[in-house]
Amino acid sequence: AVINILTGIFVDSALKLAVPDRDARALSLKKDDEAAREELFGLLSEIDTMNTGIINVEDFAENLKKKNGKLQAQMTLLGLPVDRAADFFRVVSVLCGDESMSNEEEANIQAFVECCMRLKGSAANLHLQCVAGDLVHINVMLQQQMDLCEMLAEKITSGNNDTLAHLAGFRNV
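The structure contained in this document is the topic of the report that follows. (Residues numbered from 1 in each chain as written. Predicted model: local features only at pLDDT ≥ 70, side-chain atom pairs only at ≥ 80, totals over all residues. Heavy atoms only, no water.)

### With respect to unusual backbone geometry
Despite not being glycine, N51 shows a phi value in the positive range, around 55 degrees. The topology assignment puts N51 in the loop between α2 (22-47) and β1 (54-56). N51 gets classed as exposed once you look at its relative accessible area, which sits at 69%. (Helix = DSSP H or I, 4+ residues; strand = E, 2+ residues; numbered from the N terminus. Buried < 20%, exposed > 50% of the residue type's maximum accessible area, 1.4 Å probe, protein only.)

This is how it looks when you write it as structure tokens:
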């Protein structure tokens, strides 16, 4: 009986030591995230044959269809399955918010990678609540603008000359 108790204590201690602590798990997740970021950057850089740091929608879509499927596999591992490459590229390039890009047909590779990394995985409840809060805020601002337009339309139709002169001043600005 004593041996069973000692064995139980030993096994329990060994199991506790075998489980990585929170800091070790966090460090491991961070390393995995960085490795995934570097892998995606490398794959997208291969598309950029002229070394401009820019990729375009056609090259991205074409590369996703290649036989070896490295880019497709990496995107799937990130939780970003790409069924429609052109649509995905355009959405991500808009979300990148890179003002140096003139359209959604091109994207800076580094910005594209960072945006993909933010999009990876599934949406958490916090993210959904943030979006819901933003929508409420947008709705309030839209309602204020609609009220202002209705007020201006009413003044214009009533023939208020001061309002018309004021509006003419906006046109000249």
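Here the narrative resumes, following the displayed structure.
### Observations regarding the packing of aromatic side chains
Per the stated rule, a full pass over the model turns up five aromatic pairs. Judged by centre distance (6.1 Å) and plane angle (15 degrees), the ring pair of F60 and F88 falls under stacked. Taken together, the positions of F60 in helix α3 (residues 57-64) and F88 in helix α5 (residues 85-96) put the pair 28 residues apart, joining distant regions of the chain. With a relative accessible area of 0%, F60 lands in the buried category. (Phe/Tyr/Trp six-rings, centres within 6.5 Å; stacked < 30°, edge-to-face > 60°.)

### As for the packing of α3 against α5
The geometry of α3 relative to α5 is characterised by a closest axis approach of 9 Å and an angle of 135 degrees between their N-to-C directions. As the angle between them shows, α3 and α5 are arranged oblique. Relative to α5, α3 is oriented so that their crossing is right-handed. Contacts between α3 and α5 involve V57, F60, A61 and L64 from the former and A85, A86, F88, F89 and R90 from the latter. Residues that form the contact of α3 with α5 fall into these classes: eight nonpolar, no polar and one charged. (Axes fitted to C-alpha atoms, helices over the stretch in contact; angles between N-to-C directions. Parallel < 35°, antiparallel > 145°, perpendicular 65-115°, else oblique. Left-handed = near helix turned anticlockwise from the far one by under 90°. Contact = heavy atoms within 4.5 Å. Nonpolar A, V, L, I, M, F, W, Y, C, P; charged D, E, K, R; others polar.)

### As for the pattern of salt bridges
This model, assessed by the stated rule, comprises six salt bridges. When the shortest N-O distance is used, the salt bridge between D33 and R37 registers 3.7 Å. Linking D33 with R37, this pair stays in helix α2, spanning four residues, or about one helical turn. Accessibility expressed as a relative area gives 23% for D33, which makes it partly exposed. (Salt bridge = Lys/Arg side-chain N within 4 Å of Asp/Glu carboxyl O.)

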